[in-house]
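# Structure at a glance
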Amino acid sequence: MELQFDNYILSYEDGGIEVRKNGTLLYFNRRPMFVTVKTSFAVSEFYDAAYEKAEMRDGRMVAEGTLRVPSGSGFAFIDTYEAGDAGFRLQRCVKVVEAGDDLGFSSKFSLVMAESADPHDYQCFAPGVWYRQNEFGPDELMGKDLDCEYFWMLETRCALPLFAMHHIGSGEMASLSRWASDVTMRTLGIEQSENNTDPKFTIGSVGMSKPEKRTLNYMYYGFAVRKDNPTPVDGLSIDYVYPGCDGQTPVKNSYGGLDYHNKAMNFRRINHPVVPGFEQNYSVAINFGQHESFQGMMRDIWRITYSRMRDRLFCVDNERHYRNCMEIFMKYTRKYGDSYGLPFACQLPDMDISSVSFQFGFVGQQPGIGNLLLRYGDREKLPEAREKGMGILDFWVNTAMTPSGLPQMCYNPNIKGFEPYPHYTRMLADGMEAILDAYVYLHKVGEEKTDWLAFCIKTGDWLVKVQNEDGSFYRAYYTDGSIRMDSKSNTPSVIRFLVQLYLVTGDEKYKAAAEKAGDWSFDNAYLNMEYRGGTCDNTDIQDKEAGIYALFGFLSLYDLTGDKHWLEGAVGAADYTETWTYAWTFPVYTPWPKHPFNQYSISGQSIITIGGGADVYMAACSYTYYRLYLLTGDSHYLDFAEFIHKNTRQSNDVDGTSGYAMPGLGHESGNFFSQKLGSQYHWLPWCTFVEAEPCERLYETFGVYEIEDAQRMDKEEREKRNRVYENYY
């Protein structure tokens, strides 16, 4: 009995399953019925068995059997396999037929990797959680220590619930993913612990494992309790575990005076009850493919899963939302003594101002907001908006420059001076681009702000001066221009500023610096996937915003030169960056009665740093992905652009019904993989900026606020308008 997809044949053999390609065995499972039981001692033991029978029914392969464990518990399996348009699918039912002396259970579907049992021979992909071998992640991140036995993560941690293993030598990929966005709400009255039971828990886990023939349970202080287990282990496998668990991951041992010296680890399991008649029902997509590169594999399996699971588009009026955003900026921009700006943070729902401090970019985005207010004020004939925008921009130009040419980054009106804050290259880029854009805008309407241009030129000259021989820049500097953080991974962030400064001045040194930075970024950010350190308030680890700024930088070089080399880099950065976006959805409980998630979905939020929380920063990219669609003709980019142009708004009070102080407001970030939202429940200026700014760009380029409206334009007209540098200055 067998099923076929492309060259991959999944067959039933002697109670197990095999996957072959051109006769070569790639994956197998000799005992597919697998359970882990939580015993009466509250530790986990695992058992498996071969199917007892199988038959073909209506083109599907149905395999069945009952697994009995030493305690007397019995579990009946019915597994249905089928081939579809994109790969294979497993539908599984596990029913408790007898209850022994057990406190809970989970089941697992897995495929053993026949090519190699060494995790080091594989590059793995879990969106927003695992890229290659997580070499740019923090030490405590899963995947950093490939000598562990279990690498299982709750699928709600992932932007899409999938895990893929790519064999470095052969290029063969295997992937398991949840079939549909059908997670239901867990029991809210209990907390997840080391090994607890919840009959309503419907989240699975994805990952891989290579266990020893011993049980593994960690006590609450990190001590491992192990005993021999009779179940054979065939090697390294890719796994889907249901209900899910998290482990193994290193933890800092906070307990002093312990008499063992092994590394403390976390392994948190969830179980279903061992009660006669209790059923598990879940479905898993099984995909195979062969790819020359990790990037190609990542792009392919992401798109396959995205096309199946992408949440519906959120219904929002983006022109109304844009105007709400600008009203927020108008209301909260004011003069603080001699300075202009917006508060650093306000608590929701009532916008209780909790901190007043101005950042040049990143979470503050002060010049960027000034640029938006200036344009909005002119277009809508609102003198107040123009005055406040000019006030912000003039303040930074008149106050922030230092003798070195490197502007100050963080002003505090309470001390009438700047805070001792690092000069981050990424934050520098945000502010400089905004001031230069504002200069260009006024120049086009006949108003010259020569001091703004001089400000930009002085910083551009500083960048040329400090650029490393290899084209890179360091992550952060001291005020005098000396090195503060020597990572080079933020290099892409200044490319667009240098390109646009060249367009304004005609000075070839800025173009040369941009191209040198592009060369370094192509080799390191794109080819080596060193997208890290993009968020200034996190350590220099892999993240989403480094990918965003690489996309911006590569695309600006392509716009300038037409060189397809840079378009390749932009496409690569785009493919990486979108994998951080929650394209699927699941229910989340919020502890606050006034919060948009009480009525909207979490889809459109995006993971911040690898394995971290989520925010709306992907909203900043909707215009750029649309432009990328127009340049490549790749309809996936159009779909994704529309998705993030709409679904990112779901964390906002888009129409005033959530009860926030003003419509359009949204929270900074949160963590919701546990289905309970954790958040500081506050607003920072960037939250609104990244939603308003691409709307502004879309309007200025195409004259509309909705991507679908731009699509109604004549193709030739769209392509003409998409040549954004033809009339930049």
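Keep in mind that what you see is a predicted model, and the values were worked out from it rather than measured.

To continue, consider the environment of Q408. One can find Q408 in the loop between α4 (383-399) and β30 (410-412). Of the residues examined, Q408 reaches a relative accessible area of 18% and is grouped as buried. With 95 residues separating them in the primary sequence, Q408 and L313 have C-alpha atoms 41 Å apart. Ignoring anything within four residues of it in the chain, the contact list for Q408 reads F360, W396, A400, T402, F418, H423 and T479.

On the secondary structure map, P413 appears in the loop between β30 and β31 (417-418). Under the relative-accessibility criterion, P413 is labelled buried at 14%. On a C-alpha basis, the gap between P413 and F358 in space is 8.3 Å, while along the polypeptide they are 55 residues apart. When neighbours within four sequence positions are excluded, P413 is seen to be in contact with Y336, S339, V356, S357 and F358.

With that settled, the discussion passes to the packing of aromatic side chains. Counted by the stated rule, this structure contains 60 aromatic pairs. Summarising the aromatic geometry, the rings of F395 and W396 are spaced 5.5 Å apart at their centres and angled 75° between planes, so their arrangement reads as edge-to-face. Per residue, the accessibility class of F395 equals that of W396, and both read buried. Between Y439 and Y729, the aromatic rings sit 6.3 Å apart at their centres with planes inclined by 25°, giving stacked as the arrangement. Residue Y439 is located in helix α5 (residues 425-444), and its partner Y729 is located in the segment after α15 (715-721); the two are separated by 290 residues in the primary sequence. Under the relative-accessibility criterion, Y439 is labelled buried at 2%. Note on Y729: relative accessible area 38%, which makes it partly exposed. It is K331 that lies over the ring of Y332; its NZ or CZ is 5.6 Å from the centre. Over the aromatic face of F552 sits the side chain of R496, whose NZ or CZ is 4.3 Å from the ring centroid.

Our focus in this paragraph is the sheet that holds β30. The strand order β29-β30-β31 describes an open sheet built from three strands, whose pairing is antiparallel. Strands with a single pairing partner mark the edges of an open sheet, and in this sheet they are β29 (358-359) and β31. Relative to β30, α4 is tilted by about 105°, and along the sheet it contacts β29, β30 and β31.

What follows concerns helix α6 (residues 450-466). Over its 17 residues, α6 runs 24 Å from end to end, which matches the ideal 24 Å to within 8%, given 1.5 Å per residue. Check the buried side of α6 and you find it contacts α4, α5, β33 (476-477), α7 (495-505) and α8 (508-526).

Take the nonpolar core next. In terms of nonpolar packing, the biggest core is built from 168 residues, with F125, Y625 and Y626 touching the most fellow members. At eleven residues, α5 tops the list of elements feeding residues into this core. Here Y625 is in contact with L551, A574, T577, E578, M618, Y637, F640, A641 and I644, once residues within four sequence places are set aside. F5, V96, M113 and M208 belong to the second largest nonpolar core, which has 67 residues in total.

Turning our eyes to something else, we now look at the pairing of strand β10 (residues 88-98). Pairing between strand β9 (residues 74-83) and β10: ten bridges, direction antiparallel. Residue pairing across strands places I78 opposite C93, the latter belonging to β10. Count of turn residues in the β9/β10 antiparallel hairpin: four residues. Alignment of β10 against strand β24 (residues 279-290), held across eight bridges, turns out to be antiparallel. In the strand pairing of β24, R92 is matched with Y282.

All right, on to the sheet that holds β33 then. Sheet architecture is open: three strands sit in the order β32-β33-β34, paired in antiparallel fashion. Of all the strands in the sheet, just β32 (423-424) and β34 (483-485) have a single pairing partner and so form its edges.

Counted according to the given criterion, the structure contains 50 salt bridges. In this structure, a network of salt bridges that share partners links the residues E319, R323, R379, E380 and E696.

A separate point is unusual backbone geometry. The omega torsion across G247 and Q248 is -10°, close enough to zero to call that bond cis. Within the fold, Q248 resides in strand β22 (residues 245-250). Between L348 and the following residue, P349, the backbone shows a cis peptide bond with an omega angle of 10°. Note on placement: P349 falls in the loop between β27 (345-347) and β28 (352-355). A positive phi angle is found at N134, which is not glycine, with a value near 50°. Note on placement: N134 falls in the loop between β13 (130-132) and β14 (150-154). Here N134 falls in the buried class, since its relative accessible area comes to 0%. One non-glycine residue with positive phi stands out, namely Q675, at about 70°. Among the structural elements, Q675 can be located in the loop between β37 (669-670) and β38 (682-683).

Definitions and cut-offs
Residues numbered from 1 in each chain as written. Predicted model: local features only at pLDDT ≥ 70, side-chain atom pairs only at ≥ 80, totals over all residues. Heavy atoms only, no water. Helix = DSSP H or I, 4+ residues; strand = E, 2+ residues; numbered from the N terminus. Buried < 20%, exposed > 50% of the residue type's maximum accessible area, 1.4 Å probe, protein only. Contact = heavy atoms within 4.5 Å. Phe/Tyr/Trp six-rings, centres within 6.5 Å; stacked < 30°, edge-to-face > 60°. Lys NZ or Arg CZ within 6 Å of the ring centre and 35° of its normal. Pairing = 2+ DSSP bridges. Axes fitted to C-alpha atoms, helices over the stretch in contact; angles between N-to-C directions. Expected span 1.5 Å × (residues − 1). Core = buried A, V, L, I, M, F, W, Y, C linked by side-chain atoms within 4.5 Å. Salt bridge = Lys/Arg side-chain N within 4 Å of Asp/Glu carboxyl O.

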